[in-house]
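# Structural characterization, general
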Amino acid sequence: MLASRAVVRQMCGPVMQSSRVDVDLGSRSYPVLIGTELLPGLGGILREHGLKQANAFVVTNPQVGGLYFSALEKALTAGGFTRVVRHEIPASEEGKNWDEFSGVCTALLENFPDTGAVPLVILLGGGVVGDLGGFAAGVFRRGVPFVQMPTTLLAAVDSSVGGKVAVNFGGVKNIMGIFNQPRLVVCDLALLRTLDAREVRSGTSEIIKYGAVCSGALFQQLEDGALEHLLALKPDVLTDIVAHCVRLKARVVEQDEFDKKGIRNVLNFGHTIGHALELSADYALTHGEAIAIGMIAATHLARALGQCDAGFAIRLRDLILRAGLPVSFAAAPELFDRVIRAMQMDKKFREGKNVLVLPTGVGQWEQVENVAWPLVHEAVRAVLTA
Ligand code: NAD
Ligand code: GLY
C-alpha cells in the first residue's frame, strides 16, 4: 500500500487531516498531497520535493486567480521563487481550446525565452486549467516540470492525477493532447470552500463513477450518508473520500498509464455519451453533469444487453439524484444527431467500432465493443427529453 494517512496538529491551530497518495510510475512517479491549508506553505513543499526553480509560471483563470493568486505568490516568494508570472485563461470549458493553449505557449516563450530560466509551471484551477496547462507544459521546450493545484472537487479526485492533458478541438473533447505526468499534486481542500454548490455537485459525479465501477465499498459509503457530507464539504469525509478516489485512480493509471491495455478505460464509464452530450449541449452542462447523464445512458445500454440488473440501475440513479445531478437533458430533437455524430468522433472509437464501458454490478465493469447502433441510439434517446 503506497498511501499513508496522518492527523496533523499545527501549533495553536485546529486538528487537520491530511493524506498522501503515491502514484508509482517508475521515473515519472509523484506524490499527491491532500490536506487543508497547504497553500500557505507551498513554497516549502515544492522545495522539499526537489523543485528548485527560481521562476514560476502560474496558469489560472480570473475567478480562481482573483481568489488565490496573491496567497500563492506570497507562498512562492517565501519559498525563494524570485519571479512569478500569472497567466489567465477563461473560466469555463469554452476556454479549453487551441487558441487559449497557443496563448499559454506564447506567454511561456515571451516570459522565458532563455533556456537557463525554465520556470516551474503551476496549474491553479479546475480540470480546464489543469488539462490545458499540463498540455502546454508538456510541449514547451519538449516539456518543463509542472505541478497540479486542483481547486475543484472534480479536479481533486480525477483530472489532476494521471497525466492526461488536452484541449478540445474541431468539436471533439480532448482530441489534441498528450500524456504528461505532473511532478507533484498539491490538493488544498480549503480552496474548495469557495466553489459554488453546482460545482461541488458536479465533482461528486466522478466520485459516484469510481464507486459504481471501481469500488463497491465506496459506493456503499456514499449511499450510507457520505454523499451528503461531501456535498457539505465536511472536512474529514472530504479528505477521506478524495484520498480514496485518488488511490483508486492511481492504481488504475499504474497498470495502464498510456491507455493501451483497456484497463484505464474503466475511468471512462459515462464518458462516451457524456462527452458527446457535454459538447453538443454547447456548455449548458458542466462536465460532471454530462457524465452523470452519460452513466445513466451507459447503464441503460448495459440493461438492454443483459449485463447488469435493475437493482444496480436503481441504486445508481438514486445516488445521482441525491447528489442533485441530472439524469436526463431536455433538448431540441436535433440534438440527438449532434450527440451521435460527436460520439462517432470520440477518440475511443476504433476502426469505426464503438467501445463502451458498461457496468456489470456495483464496483464492476466490462468493456464492450461494437454495440449495435440501434441500442446505442435507444440509450441516448432515453436520456434526452423533449
Ligand atoms: P472547470 O475547470 O471549468 O471549473 C469549474 C468552475 O469552477 C470554473 O468556472 C472555475 O472558475 C470555478 N472554480 C474552480 N475552482 C474554484 C474555487 N476554488 N472557488 C470558486 N470557483 C472555482 O471544471 P472542472 O469540473 O474542474 O473540470 C472539468 C474539466 O476536466 C473538463 O474539461 C474535463 O474534460 C476535464 N477532466 C479531465 C480529466 C483528466 O483525466 N485529465 C478527468 C476528468 C475531467
Ligand atoms: N479521466 C480518464 C482518465 O484519466 O483516463
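Here the structure is shown first, and the text comes after it.
An account of the accompanying structure is given in this report. Being a predicted model, the structure only gives us computed values, none of them experimental.

## Topic: the site of ligand 1
Around ligand 1, 27 residues are found, and the nearest of them are Q63, E93, T151, T152 and K173. Contacts to ligand 1 include K96, whose side-chain N or O atom sits 2.7 Å from an oxygen atom. At 3.2 Å from an oxygen atom of ligand 1 is found a side-chain nitrogen or oxygen belonging to K249. Contact with the protein chains covers 92% of the free accessible surface of ligand 1, which is 860 Å². Elements with a contribution of two residues or more to the shell around ligand 1: helix 2 (62–78), helix 4 (127–139), helix 5 (153–159), strand 9 (172–179) and helix 6 (197–213). Broken down by element, the shell around ligand 1 gets its largest block of residues, four residues, from helix 2. Of the residues contributing to the shell around ligand 1, the split by class is eight nonpolar, 10 polar and nine charged.

## Focus: the side chain of K173
Mapped onto the elements, K173 comes out in strand 9. Here E278 takes part through its side chain, which lies 3.2 Å from a polar atom of the side chain of K173.

## A short note on the state of the cysteines
For the structure on display, the rule yields zero disulfides. Here C214 stays free of any disulfide, with the sulfur of C245 as its closest cysteine sulfur at 8.9 Å.

Calculation notes
Residues numbered from 1 in each chain as written. Chains lettered and ligands numbered in written order. Predicted model: local features only at pLDDT ≥ 70, side-chain atom pairs only at ≥ 80, totals over all residues. Heavy atoms only, no water. Near = heavy atom within 4 Å. Polar contact = N/O pair within 3.5 Å; in protein donor to acceptor, adjacent residues only side chain to side chain. Areas by Shrake-Rupley, 256 points an atom, 1.4 Å probe, with all protein chains shown as cover. Helix = DSSP H or I, 4+ residues; strand = E, 2+ residues; numbered from the N terminus. Nonpolar A, V, L, I, M, F, W, Y, C, P; charged D, E, K, R; others polar. Disulfide = S-S within 2.5 Å.

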